[in-house]
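# Examination of the molecular architecture
Residue strings, one per chain:
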Amino acid sequence: MAHDESGRAYIHNVYDTLLSMEYRGGTVVVIPWLAERWEATEGGLVWTFYLRKGVKFHYSGREMTADDVVFSILRETIMAEGMGYLLVPWVDVNKVVAIDRYTVQVTLKKPCGVFEYLASYIYVVDSEEVKKNIRCPGPYGEWCDFGKGWLMEGHRSVGTGPYMLAEYVPGSHVLIVKNKDWWGTFAPRAPEKVKIVAIIDPVPTLTLMSKRELDISTIWLPPETYEELDKIEGIDVARLRLYGMYYLMMNTRKPPLDDIQVRKALFYLFDYDTFLKLMPQHEKATSIVPSNMIGVCPFPEPVEFNIEKAREELMKSKYWGQLDKYPMDITWRAPVPGEDRVGYLLATAAEQVGLKINIEKLDWLFVVEAMTRWDTPNEIEPMWITADYPEAISMIYLRWHSSSHGTVNQNEWFTEDIQKELDAKIEDALATLNKEERLRKTCELIRYIFYLYPSIFAGDFIGFKAYQTYIEWPSARGEMVGVFGWDVEYWKMNLNLEEKARLLGMK
């Protein structure tokens with residue numbers, strides 16, 4: 001149920017899903033995984049999945065069956081945590097059934113044109129092991145805690161994936177080892193074991209990587225640290241094309257941002273070129289969603305840094321002549337390197353046209369709590385957001401559907417009438433089964449949202465990760481699904497241990 005980078009990487013390597021996504025031929029496609037084939041009938045309402053036979057669970061060695069898949073879908077949908085949010089609007093939990101030992105039928109509450117993508121997040125667990133470890137009482141009704149407490153303690157993994165849990169030390173590391181009984185195919189020299197450690201500080205990262213004791217860094221280091229790492233022989237920096245974007249989200253209910261002219265002025269007050277120099281792990285944005293997503297359409301009008309245009313927009317505003325009475329705050333999440341400079345960049349330009357923007361340093365947990373309500377966040381909240389599947393509608397749903405209210409994915413808080421219209425357009429696109437028609441509707445949505453001027457679209461997020469070149473890593477070549485945590489598919493990596501020995505001076 002994890003939603004953070006390391007948690008998602010762990011789950012992706014330990015738990016198989018019903019379907020999966022893979023980079024093929026320059027794009028990302030849905031592929032068979034635990035389900036060998038599938039079909040949709042009755043206008044996309046009923047989905048039937050035909051399961052692979054002979055798949056074994058970690059530790060118990062029991063064969064996975066349709067009953068395990070049914071239990072896993074119910075568990076993920078009812079718990080509605082982590083990636084479960086994707087299933088909640090669609091899956092009718094009263095109509096998920098095992099047709100026979102290897103066939104599962106899922107009936108949806110309404111048609112869903114992207115359900116194949118969502119099935120890539122149905123993680124299948126050993127239902128018998130989980131049921132034995134359910135603790136009562138719990139927050140999930142008759143299912144009590146659904147086995148969450150036991151699983152969170154890290155006793156063992158209950159999936160069927162390529163790696164299985166060997167050791168969990170809270171606050172230190174997770175050790176996973178190869179699943180010798182996995183049904184899939186490992187790269188010839190895939191790692192036998194992988195230790196996932198919690199290191200985000202630059203100094204220990206530099207030390208450990210230079211000693212070859214750390215193979216791949218986190219994505220959250222300052223740019224200058226990647227520059228230092230790149231100078232070390234045998235270390236390169238991968239530029240990972242995630243479905244991510246850096247937004248400066250504007251609260252449309254707080255003055256002066258309740259005036260669309262002020263929000264449009266801020267579009268022109270952001271120096272996009274300087275931003276890319278300050279935060280080099282970005283590329284110039286060309287749309288309201290990342291440019292590598294399927295169905296993306298460009299900005300309908302130029303987005304540029306232009307002080308005079310900003311002044312012209314402000315002069316049309318109801319706040320013109322009294323802008324000094326409406327200071328705004330922009331958040332700097334204290335641990336995020338460089339984010340303070342982004343705030344000063346905007347504040348300096350704003351000052352030239354009479355707008356006052358203060359930079360407020362806040363802890364992450366405070367920001368998360370503040371964003372649960374419309375009236376407690378700052379006027380401008382910077383945030384990296386990554387989508388969960390490659391179509392542009394994924395980011396649009398995550399960012400601007402009302403179901404994201406109260407999360408860090410949204411700070412716009414549109415008025416009720418605008419939000420109602422926006423929700424209807426998003427839901428209509430998601431329900432469209434014909435892909436070409438769905439992408440056409442997505443393009444219209446991009447144009448509609450742009451003209452609400454909801455955010456400053458600062459740049460597409462390019463995740464930097466330093467890695468040892470004795471690892472043959474497909475993601476470093478750009479062959480990856482741009483989902484958080486999916487860049488490290490350990491079963492696809494090859495280790496060149498002779499090269500590692502050479503770098504260590506052992507041969």
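If you're wondering where the values come from, they're calculated on a predicted model, not measured in any experiment. (Residues numbered from 1 in each chain as written. Predicted model: local features only at pLDDT ≥ 70, side-chain atom pairs only at ≥ 80, totals over all residues. Heavy atoms only, no water.)

### Overview of the sheet that holds strand β9 (residues 193-197)
- An order of β7-β8-β9 is seen for the three strands of this open sheet, with the pairing classed as antiparallel. Each edge of the open sheet carries a strand with a single partner, namely β7 (163-169) and β9. Taken pair by pair, the neighbouring strands of this sheet meet at an average axis angle of 20°, ignoring direction.
- Pairing analysis gives six bridges linking β7 to strand β8 (residues 173-178), with the strands arranged antiparallel. Looking at β8, one finds that Y168 is bridged to V174.
- Along the sheet, helix α1 (residues 5-14) makes contact with β7, β8 and β9, crossing β8 at roughly 20°. (Pairing = 2+ DSSP bridges. Helix = DSSP H or I, 4+ residues; strand = E, 2+ residues; numbered from the N terminus. Axes fitted to C-alpha atoms, helices over the stretch in contact; angles between N-to-C directions. Contact = heavy atoms within 4.5 Å.)

### A look at the sheet that holds strand β5 (residues 91-100)
- The four strands are arranged β3-β4-β6-β5 in an open sheet whose pairing can be described as antiparallel. Unpaired on one side and paired on the other, β3 (35-41) and β5 mark the two borders of the sheet. Geometrically, the sheet is characterised by an average inter-axis angle of 20° between neighbouring strands, direction not taken into account.
- The pairing of strand β4 (residues 46-51) with strand β6 (residues 103-108) spans five bridges and is classified as antiparallel. Considered in β6, the bridge of Y50 is made with T103.

### Quick word on the pattern of salt bridges
- Applying the stated criterion across every chain yields a total of 35 salt bridges.
- One salt bridge connects R62 with D126, and the closest N-O pair in it is separated by 2.7 Å. With a gap of 64 residues between them, R62 in the loop between β4 and α2 (66-79) and D126 in the loop between α3 (115-118) and α4 (127-132) connect regions that are remote in the sequence.
- In this structure, R311 and E308 form a salt bridge, with 3.6 Å as the shortest nitrogen-oxygen distance. (Salt bridge = Lys/Arg side-chain N within 4 Å of Asp/Glu carboxyl O.)

### A short note on the state of the cysteines
- With the rule as written, the count across this model stands at two disulfides.
- Shown here is the disulfide that connects C136 with C144, its sulfur atoms set 1.8 Å apart. Taking the torsion about the S-S bond as the criterion, the C136 to C144 disulfide, at about 85°, is right-handed.
- Among the residues examined, C144 registers a relative accessible area of 8% and is labelled buried.
- Of note for the protein: the bonded cysteines, numbered N- to C-terminal, pair according to 1-2, 3-4. (Disulfide = S-S within 2.5 Å. Buried < 20%, exposed > 50% of the residue type's maximum accessible area, 1.4 Å probe, protein only.)

### Remarks on the environment of C112
- Following the sequence through the fold, C112 ends up in the loop between β6 and α3.
- When the C-alpha atoms of C112 and G44 are compared, they prove to be 6.5 Å apart, with 68 residues separating the residues in sequence.
- Ignoring any residue separated from it by four or fewer positions in sequence, one finds C112 in contact with G44, W47, W90, L118, L430, A431 and L433.

### What to know about the packing of helix α13 (residues 392-400) against helix α15 (residues 435-450)
- Look at α13 against α15: their axes get within 10 Å of each other, and the N-to-C directions meet at 40°. In terms of orientation, α13 lies oblique with respect to α15. Where α13 crosses over α15, the two elements pack in a sense that is left-handed. Counting all contacts with α13, which are made through A392, I393, I396 and W400, the residues of α15 involved are T442, L445, I446 and I449. (Parallel < 35°, antiparallel > 145°, perpendicular 65-115°, else oblique. Left-handed = near helix turned anticlockwise from the far one by under 90°.)

### Some points on the pairing of β3
- Pairing of β3 with β4 involves six bridges; the strand directions are antiparallel. Paired with W38 across the strands is F49, a residue of β4.
- Where β3 folds back on β4, the antiparallel hairpin that results is connected by four residues, among which E42 adopts a positive phi of roughly 55°.

### Notes on the packing of aromatic side chains
- Tallied over the full model, the rule gives 37 aromatic pairs.
- Aromatic side chains F270 and F275 sit 5.5 Å apart centroid to centroid with 50° between the ring planes, which places their arrangement in the tilted category.
- With relative accessibility at 0%, the residue F275 sits in the buried group.
- Geometrically, the ring pair formed by Y467 and W473 is edge-to-face, given 5.4 Å between the ring centres and 70° between the ring planes.
- Connected via pairs of aromatic rings, a cluster forms that spans W220, Y246, F270, Y272, F275, W384, F461 and F484.
- The side chain of R399 reaches across the aromatic face of Y247, ending 4.3 Å from its centre. (Phe/Tyr/Trp six-rings, centres within 6.5 Å; stacked < 30°, edge-to-face > 60°. Lys NZ or Arg CZ within 6 Å of the ring centre and 35° of its normal.)

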